[in-house]
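Commentary on secondary and tertiary structure
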Amino acid sequence: MKDILTPSLIASLTSLVISVITLYQFFRTQRFQQQQFNKTLDRNLTTKLLDLRLEHYPKAFEITDKIFKEKGGSFDHAKIKKAVEELIEWKKGVINLVISSEALTSFYVLRDAGMKSPANNGTYSSEQVEKISAGTKDFRKQLRRDLGILFREEKSRRGIDAHLVG
C-alpha cells in the first residue's frame, strides 16, 4: 500500500507545485499587462494634453508679446489693460482644463499686476513696472514648462548630436 501511495503523493505534490508556479506567472503577467496599459493610457493622455497646449498656448505668447516697455522704461496703461483682457478671454474654456497649476498661478500674478491702475498720474511706478515685467516673464516661462516634455526631448536630442560631433 505504501508503494501505491508514494507515486500518487509525488504526482499530487508535483501537480500542486506546477499549479502554484502557473498561478504566480499568471498574476505576474497580469500585473505587467496592467502596468503597460496604464503607461499607454498615460502616454495617450499626455499626448492629447500636449496637442491641446500646442494648439492654444501660442495665442498667449502672441498676447504677452504686446506687453513691452515703452521709451522711458514704463508701460502704456491702455496696452497693458487690453493685453490682460485678451489673456482673460484666452484662459476661458479649454485652457482652464489643460493649464498647469503653476502656469495658472503665474497667470493670476500677471493679471493682478496688469489690472492695477498706474500709481503716478497715468504712469506706472518702478515697482509696478517690475511686477508686470516679472509676471510676464514668469507666465511665459511656466507656459514653456507646460510644454517641457517637448523641449526636454529636443534638448536631449541636441545634446546627443553635440556629443557625437564633439
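Below: a short report on this structure.

Reading guide: rules and limits
- Residues numbered from 1 in each chain as written.
- Predicted model: local features only at pLDDT ≥ 70, side-chain atom pairs only at ≥ 80, totals over all residues.
- Heavy atoms only, no water.
- Axes fitted to C-alpha atoms, helices over the stretch in contact; angles between N-to-C directions.
- Helix = DSSP H or I, 4+ residues; strand = E, 2+ residues; numbered from the N terminus.
- Parallel < 35°, antiparallel > 145°, perpendicular 65-115°, else oblique.
- Left-handed = near helix turned anticlockwise from the far one by under 90°.
- Contact = heavy atoms within 4.5 Å.
- Nonpolar A, V, L, I, M, F, W, Y, C, P; charged D, E, K, R; others polar.
- Expected span 1.5 Å × (residues − 1).
- Buried < 20%, exposed > 50% of the residue type's maximum accessible area, 1.4 Å probe, protein only.
- Arc of directions from axis to C-beta.
- Polar contact = N/O pair within 3.5 Å; in protein donor to acceptor, adjacent residues only side chain to side chain.

Running from N to C, helix H4 (residues 101–115) and helix H5 (residues 126–146) cross one another at 160°; their axes reach a closest spacing of 8 Å. Looking at the two axes, H4 sits roughly antiparallel to H5. H4 and H5 meet at a crossing whose hand is left-handed. Residue-level contacts link Glu 102, Ala 103, Ser 106, Phe 107, Leu 110, Ala 113 and Gly 114 of H4 to Lys 131, Ile 132, Gly 135, Thr 136, Asp 138, Phe 139, Gln 142, Leu 143 and Asp 146 of H5. Residues belonging to the contact of H4 with H5 are distributed by class as follows: seven nonpolar, five polar and four charged.

Here we come to helix H2 (residues 77–91). Between its first and last C-alpha atoms H2 spans 21 Å; for 15 residues at 1.5 Å apiece the expected length is 21 Å, and the two agree. Those residues of H2 lying buried are Ile 80, Ala 83, Val 84, Glu 86, Leu 87, Trp 90 and Lys 91. Along the axis of H2, the buried residues cluster in a sector spanning 160°; they form a single face. Facing away from the buried surface of H2 by more than 90 degrees, the exposed residues are Ala 78 and Glu 89. Two or three places before Ala 78, at the opening of H2, Asp 76 has a side-chain oxygen 2.9 Å from that residue's backbone nitrogen.

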